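As a plain string of letters, each chain reads:
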Amino acid sequence: MKSLWNDAEASQYSGDLLQRVYTSQLLGRDHTLVLHGGGNTSVKIREPMVTGEEEDILYVKGSGWDLETIREEGFAPVRLPHLVKLSKLDSLSDPQMMNELSTQVTRAGAPAPSVETILHAILPYKYVDHTHADAVLAVTNTADGEKHVREIFGDDVVVIPYIMPGFDLAGLCASRFARDARAATTGMVLMNHGVFSFGATARESYERMISLVTRAERFLEGRGASGVAPSGPGPVTGSPRELAALRRELSDAAGMPLVMSTHTGEKYLQFARRADVARLSQQGPATPDHVIRTKRLPMIGRDVAAYAQAYRDYFARNSAAAKEPKTMLDPAPRMALDPELGLCTLGRSAKDARIVADLYSHTIDVILAATALGGYRALPEKDIFDVEYWDLEQAKLRRAGKPPVFTGEVALITGAASGIGKACAQAFLKRGAAVVGLDIDARVANAFGTRADFLGVHCDVTSRDAVNAALDAGVNAFGGVDMLVLNAGVFPGGRRVESLTDEEWQRVTRVNVDANLALMRECHPLLKLAPGGGRVVVIGSKNVPAPGPGAAAYSASKAALTQLARVAALEWGADRIRVNVVHPNAVFDTGLWTEEVLASRAAHYGLSVDDYKTNNVLKTEVRSADVGELAAEMCGPLFAKTTGAQVPIDGGNDRVI
Ligand code: ZN
């Protein structure tokens, strides 16, 4: 492991707090040190109060911030003397401790200080860095962990036996540090948890962290226990229907829809196929930080009922011995290891599923390294349970509000790169859905920047192969298709019937009707497996009830599509799939309508552009966002008992009314 310290870069960060920001980001850049909000850092600064006196402040990483991207405002300023006083108390419950921490913060609006704040306060150094480095976890999660730690570090670190994070851990660290620290001490190793380093400057503390972790890495190398996980892509073996069926079962066990992402890299397949995978994976995670987000154990294979029963037994066993009454979490796993599917990870959102995957990827590295070192041995079940059912975590669950309506669900939207399709994608994302957006325009890939809950697939919907590949990609990413928005279509220029060629008629029909039939047919088995029931919204047109001259192919194709949707509504109701149609008209904020075209059409009717845009009964402008909102609402609870409906969204059209 190399120090990423760079003098030129560092000189951009002047002052104690900004230096803290800089080296925190350096730690965050290396995902074998910290990942997804794991780890924390601090700096102690003496500064003037508004009344003129000076006070000592501990700036500590706030919750919700990631070291990789942390900024100044991500650090919570806490009064240091109070923290030191707290550390001397005989006992303090964790909720009491969190209350003390948040009421001693000196800046309104600052994030909540880390649960490990007191631990930072008691270490007598200006800068303190804390990571859950893979190499240290591999060494400490073994039967001979403490012996290895002594061999690697000698007296350079203080060793702390495992106890749960929180007030008691801070107290234990304070007393062990006072007893064991020497002049040469540069760090503190917490068994089955992670490592601390400290120093007088940001650079010193950071480089000590790098040096400590490098020593652990060298030790693993020396024992042939590093780089043991294979890398590289693996074959995709699960069919979309198989994956969607597994996700459905897992969502049912959880009692709520979950997004599932599938990872078939060589590392996951090989791990899932090991003869000893059950023994290796059925121990707890390598550090308490991972417990809450990954749930304790992956499911081996696909027997969801057996997993759920084992989880209930685990809860019953451990909650009976717990001091406080506990509320059981849902018994569904958040990871499955299957010899054919590889690693499937689940979460309430695509982001959660990704976090689980990233954390477990590191867990596999740690398990394999520890195995090569003589045997992975994680914490006993009771310790894992204490973290999973920590009163702080249970309180967090009680505080959590109602999630957005499509949380855990997946929508597939065609024509999602621009116009109405993009507006639909926006409306579904806003409601918490993961969205697979298809478009013939390759820019769909970045239609929403990079975010975990949007997968943009470049796809010509008239190509069966392209559609199947897009469905594969979508189901691999999110686990199914619960909602389908058929929006992609073509609107050819005006042509009277007597000059309409077969070619043009067929081209329009191919996109507006044939492609949608194929999509509906291919998605039907997936929609049928949707945990909350399948939903289809067809973007029709005012031209269905009120066709326009010169638009024969368009009007007829949208009418055929509408009729197709009505028949699907009849046939699929028994499969819990609702099919509805919206008929927009005169939506001008799309790529089709440039300022020029608008001006010329308005002039054609002798109207101003504004009058032309609002030329309807309500004299209102219909925007693509309005259509997107309606499409999303039609998939929500408001329309739960409606299927086969056609709803105009046109500001009122006298030919339709
Ligand atoms: Zn920690």
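Refer to the structure presented above.
Structure report, in brief.

Quick notes on the rules
Residues numbered from 1 in each chain as written. Predicted model: local features only at pLDDT ≥ 70, side-chain atom pairs only at ≥ 80, totals over all residues. Heavy atoms only, no water. 1 Å grid on protein atoms, 1.4 Å probe; cavity = no way out; pocket = protein on both sides within 12 Å on 5 of 7 lines; lining within 4 Å. Points joined across faces, edges and corners; volume = space filled by probe spheres on them. Helix = DSSP H or I, 4+ residues; strand = E, 2+ residues; numbered from the N terminus. Nonpolar A, V, L, I, M, F, W, Y, C, P; charged D, E, K, R; others polar. Domains from an automatic or database assignment. Donors = N, O, S within 2.8 Å, 3.2 Å for Na, K, Ca; no water. Tetrahedral: all angles 85-135°; square planar, octahedral: opposite > 155°, others 65-115°. Buried < 20%, exposed > 50% of the residue type's maximum accessible area, 1.4 Å probe, protein only. Pairing = 2+ DSSP bridges. Axes fitted to C-alpha atoms, helices over the stretch in contact; angles between N-to-C directions. Contact = heavy atoms within 4.5 Å. Phe/Tyr/Trp six-rings, centres within 6.5 Å; stacked < 30°, edge-to-face > 60°.

So, on to empty space enclosed by the protein. This structure, assessed with the given rule, holds three cavities of 30 Å³ or more. Of the voids in this model, the largest cavity is the one considered here, and its volume is about 80 Å³. Along its surface, the largest cavity is lined by 14 residues, and Leu 33, Leu 35, His 132, Asp 134 and His 290 are the ones closest to its centre. Among the elements of the structure, α6 (134–140), α13 (288–294) and α15 (350–372) are those that each provide at least two residues to the lining of the largest cavity. Grouping the constituent residues of the lining of the largest cavity by class yields five nonpolar, seven polar and two charged. Taken together, domain 1 (7–222) and domain 2 (240–320 + 329–399) each give at least three residues to the lining of the largest cavity, which thus spans both.

Binding of the zinc ion to the protein goes through Glu 116 (OE), His 130 (NE2), His 132 (NE2) and His 193 (NE2), at separations of 2.1 to 2.7 Å. Coordination at the zinc ion comes from four donor atoms whose angles at the metal span 78 to 166 degrees, giving a geometry best classed as irregular. In this structure His 130 comes out as buried when scored by relative accessible area, which is 0%.

Pairing within the open sheet is mixed, and its seven strands lie in the order β3-β2-β1-β4-β7-β6-β5. Each end of this open sheet is capped by a strand with a single partner; those strands are β3 (75–79) and β5 (157–160). The sheet shows a mean angle of 20 degrees between the axes of neighbouring strands, direction not considered. Running over the sheet, helix α2 (residues 16–29) touches β1 (40–48), β2 (54–61), β3 and β4 (127–131) and is turned about 175 degrees from β1. Across the sheet, helix α7 (residues 145–153) lies against β5 and β6 (187–190), angled at about 175 degrees from β5, the strand it touches most.

Before going further, it helps to spend a moment on the packing of aromatic side chains. Under the criterion given, the structure shown has 15 aromatic pairs. For the pair Phe 385 and Tyr 389, a centre-to-centre distance of 4.7 Å together with 25 degrees between the ring planes defines the contact as stacked. Both residues of the pair, Phe 385 and Tyr 389, belong to the buried class. When the ring of Phe 588 is compared with that of Tyr 612, the centres are 5.2 Å apart and the planes differ by 35 degrees; the resulting orientation is tilted. Taken together, the residues Phe 588 in the loop between β17 (577–584) and α22 (595–604) and Tyr 612 in helix α23 (residues 609–613) connect sequence positions 24 residues apart.

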